[in-house]
Amino acid sequence: MTREQYILATQQNSLPRTEHPQFYPVGIYGWRKRCLYFFVLLLLVTMIVNLAMTIWILKVMNFTVDGMGNLRVTKKGIRLEGISEFLLPLYVKEIHSRKDSPLVLQSDRNVTVNARNHMGQLTGQLTVGADAVEAQCKRFEVRASDSGKVLFSADEDEIVIGADRLKVTGTEGAVFGHSVETPHIRAEPSQDLKLESPTRSLVMEAPRGVQVNAAAGDLKATCRKELHLQSTEGEIFLNADTIRLGNLPVGSFSSSSSFSSSSSPSSSAPRQTIYELCACPNGKLYLSPAGAGSTCQSSSNICLWS
C-alpha cells in the first residue's frame with residue numbers, strides 16, 4: 001500500500017457518518033426570481049415598442065434604399081421632389097429643375113445668392129426683394145438663350161446693349177444726361193420722332209455727314225436763338241420744289257423824288273434801300289438792289305465774281 005492510499009483510507013474512516021445527508025439548493029428563488037422575470041418582461045416590451053416605432057418612422061418618412069421621403073440619392077447627386085424648406089444655409093455646386101417644371105426659390109422676405117472666392121470673400125451678390133432686384137458684381141451680363149450673344153452688359157466703365165433693336169415704349173421717351181452715340185434713330189411706324197433739348201443746345205455731329213429723312217411727313221427744326229447749318233468741307237444742299245423763308249422783315253422803298261425840295265433836312269424821312277436775295281447756279285447767294293423790276297436775271301455778271 002502506498003502512502004497516498006493509506007492517507008485516503010484513514011481520512012475516510014475518521015469522517016463522521018450521518019444517516020440523512022443535507023442538500024443545499026442552487027438558484028434564484030422567492031422575490032428575487034419574481035423581480036428578475038419582471039425586468040426581463042419589461043425589457044421585452046421595450047424592445048417590441050422600439051421596433052414598432054422604428055418601423056412606423058420608416059414608413060412615415062418613406063425611407064428606401066435610395067433616400068428618405070422626397071429626397072433621393074442618385075449617381076448625379078441629390079434629387080428633391082415637391083416643396084423643400086431649408087432652415088440653415090445651403091451649400092451646393094449646381095441646382096437644376098426637372099425638364100417639365102420650373103425652378104422656384106421662395107422666401108418670406110428676400111432671396112439672396114452669394115458668390116465667394118477661395119478665401120471666403122464676397123465677389124458677387126444677387127438679392128431679389130419685395131421692392132427691387134439688386135446685383136453687386138464687377139460685371140453684369142444678360143445673354144441670349146440660343147446663341148449666347150450678349151444682349152446687355154454693365155460695368156464701372158460702360159453699359160453695352162447688344163440687341164439688334166432698342167425699343168423705348170415710355171410716353172416721355174428716353175432722357176440722356178450726356179452724349180449719345182448711335183448710327184440710327186428711328187420712330188415707330190405712324191409715330192413722330194422728336195429730338196428735344198428743353199434748356200440746352202441740341203448738337204448732331206458726324207464725321208461723314210448727318211442725314212435726316214422724313215419719308216411720309218414733315219421735317220421741323222425749331223430753336224429759340226440761332227439755327228446753324230455748317231459744313232466744314234462740303235456743301236449744304238437743299239433740294240425741294242419750293243424753299244420759303246417766312247417771317248422775314250419787310251421794308252418799304254421810297255425814291256428821292258418823293259421828297260419835297262422845300263422840305264428841311266430835319267423833316268425829311270431817312271431813305272431806305274431795299275435788296276433782293278438772288279441765287280447763282282452754283283448755289284451761292286448774293287444781294288441785289290431792288291428796283292422797278294427784278295434784277296436777279298440781269299445780274300449774271302455778279303455770279304462770276306461773287
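None of the values given here were measured: they were computed from a predicted structure.

(A) Fine view of the overall build of the protein. Per the secondary structure count, the protein includes 3 helices and 11 strands. In sequence order, the secondary structure elements of the protein are arranged as α-α-β-β-β-β-β-β-β-β-β-β-β-α. Each of the 306 residues in the protein was classed as buried or not, and the buried ones make up 5%. Of the roughly 30500 Å² of accessible surface on the protein, a fraction of 55% belongs to carbon and sulfur atoms.

(B) Region of the structure containing the UniProt feature "transmembrane region" (unreviewed entry) in the protein. Under the feature "transmembrane region" (unreviewed entry), the UniProt entry names residues 36-58. Secondary structure over residues 36-58 splits into 100% helix and 0% strand, and the C-alpha atoms at its two ends are 33 Å apart.

(C) Geometry of the layout of surface pockets. Roughly 2200 Å³ of internal volume is contained in the second largest pocket. Taken together, 38 residues form the lining of the second largest pocket, with F86, L90, I95, L103 and L105 sitting closest to its centre. Among the secondary structure elements, those contributing two or more residues to the lining of the second largest pocket are β3 (78-80) and β4 (111-116). Counting residues per element, the lining of the second largest pocket draws most heavily on β4, which supplies 5 residues. Residue classes in the lining of the second largest pocket are distributed as 18 nonpolar, 12 polar and 8 charged. Domain assignment of the residues forming the lining of the second largest pocket places at least three in each of domain 1 (28-81) and domain 2 (108-137).

(D) Geometry of the environment of V142. Summarising the element assignment, V142 is placed in strand β7 (residues 140-143). A sequence separation of 20 residues divides V142 from G162, and the C-alpha atoms of the two residues are 9.5 Å apart. Residues within four places of V142 in sequence aside, it is in contact with K149, V150, L151 and F152.

(E) How the structure looks around the side chain of S153. Inspection of the secondary structure assignment puts S153 in strand β8 (residues 150-154). A distance of 3.3 Å separates a polar atom in the side chain of S153 from a polar atom in the side chain of R139.

(F) Highlighting the sheet that holds β3. Overall, antiparallel pairing links the 3 strands, which are arranged β1-β2-β3 in an open sheet. Edge positions in the sheet fall to β1 (67-68) and β3, since each of these pairs with one other strand and no more. Both strand β2 (residues 71-73) and β3 contribute to a ladder of 3 bridges, which runs antiparallel. Note on β3: the bridge partner recorded for R72 is R79.

(G) Looking closely at the pattern of salt bridges. Taken as a whole and assessed by the stated rule, the structure comprises 5 salt bridges. As a salt-bridge pair, E141 and R143 come within 3.0 Å of each other at their nearest N and O atoms. Of the charged contacts in the structure, one is a salt bridge between K194 and E196, with a shortest N-O distance of 3.5 Å. Residue K194 shares its accessibility class with E196, and that shared class is exposed. Each of the salt bridges in this network shares a partner with another, and the network as a whole consists of R139, E141, R143 and D155.

(H) Highlighting the pairing of β7. Looking at chain direction, β7 and β8 are connected through 4 bridges and run antiparallel. Note that in β8 the partner of V142 across the bridge is F152. Count of turn residues in the β7/β8 antiparallel hairpin: 6 residues, of which G148 carries a positive phi of about 75°.

(I) Highlighting the confidence of the model for the protein. Across the protein, the average pLDDT comes to 75, with 75% of residues at or above 70. Least confident of the elements in the protein is helix α3 (residues 302-305), whose mean pLDDT is 52; most confident is helix α2 (residues 31-60), at 91. Here residues 257-267 is modelled with pLDDT under 50, and outside its nearest four sequence neighbours on either side it reaches 3 contacts, counting other chains as well.

(J) Region of interest: the sheet that holds β8. Ordered by their spatial adjacency, 3 strands build an open sheet running β7-β8-β9, and the pairing between neighbours is antiparallel. A strand with exactly one partner marks an edge of an open sheet, and here the two such strands are β7 and β9 (159-161). Averaged over neighbouring strand pairs, the angle between their axes works out to 10° when direction is ignored.

Parameters at a glance
Residues numbered from 1 in each chain as written. Predicted model: local features only at pLDDT ≥ 70, side-chain atom pairs only at ≥ 80, totals over all residues. Heavy atoms only, no water. Helix = DSSP H or I, 4+ residues; strand = E, 2+ residues; numbered from the N terminus. Buried < 20%, exposed > 50% of the residue type's maximum accessible area, 1.4 Å probe, protein only. Areas by Shrake-Rupley, 256 points an atom, 1.4 Å probe, with all protein chains shown as cover. UniProt positions renumbered as here; feature names shortened; annotations may be inferred. 1 Å grid on protein atoms, 1.4 Å probe; cavity = no way out; pocket = protein on both sides within 12 Å on 5 of 7 lines; lining within 4 Å. Points joined across faces, edges and corners; volume = space filled by probe spheres on them. Nonpolar A, V, L, I, M, F, W, Y, C, P; charged D, E, K, R; others polar. Domains from an automatic or database assignment. Contact = heavy atoms within 4.5 Å. Polar contact = N/O pair within 3.5 Å; in protein donor to acceptor, adjacent residues only side chain to side chain. Pairing = 2+ DSSP bridges. Salt bridge = Lys/Arg side-chain N within 4 Å of Asp/Glu carboxyl O. pLDDT = per-residue confidence, 0-100. Axes fitted to C-alpha atoms, helices over the stretch in contact; angles between N-to-C directions.

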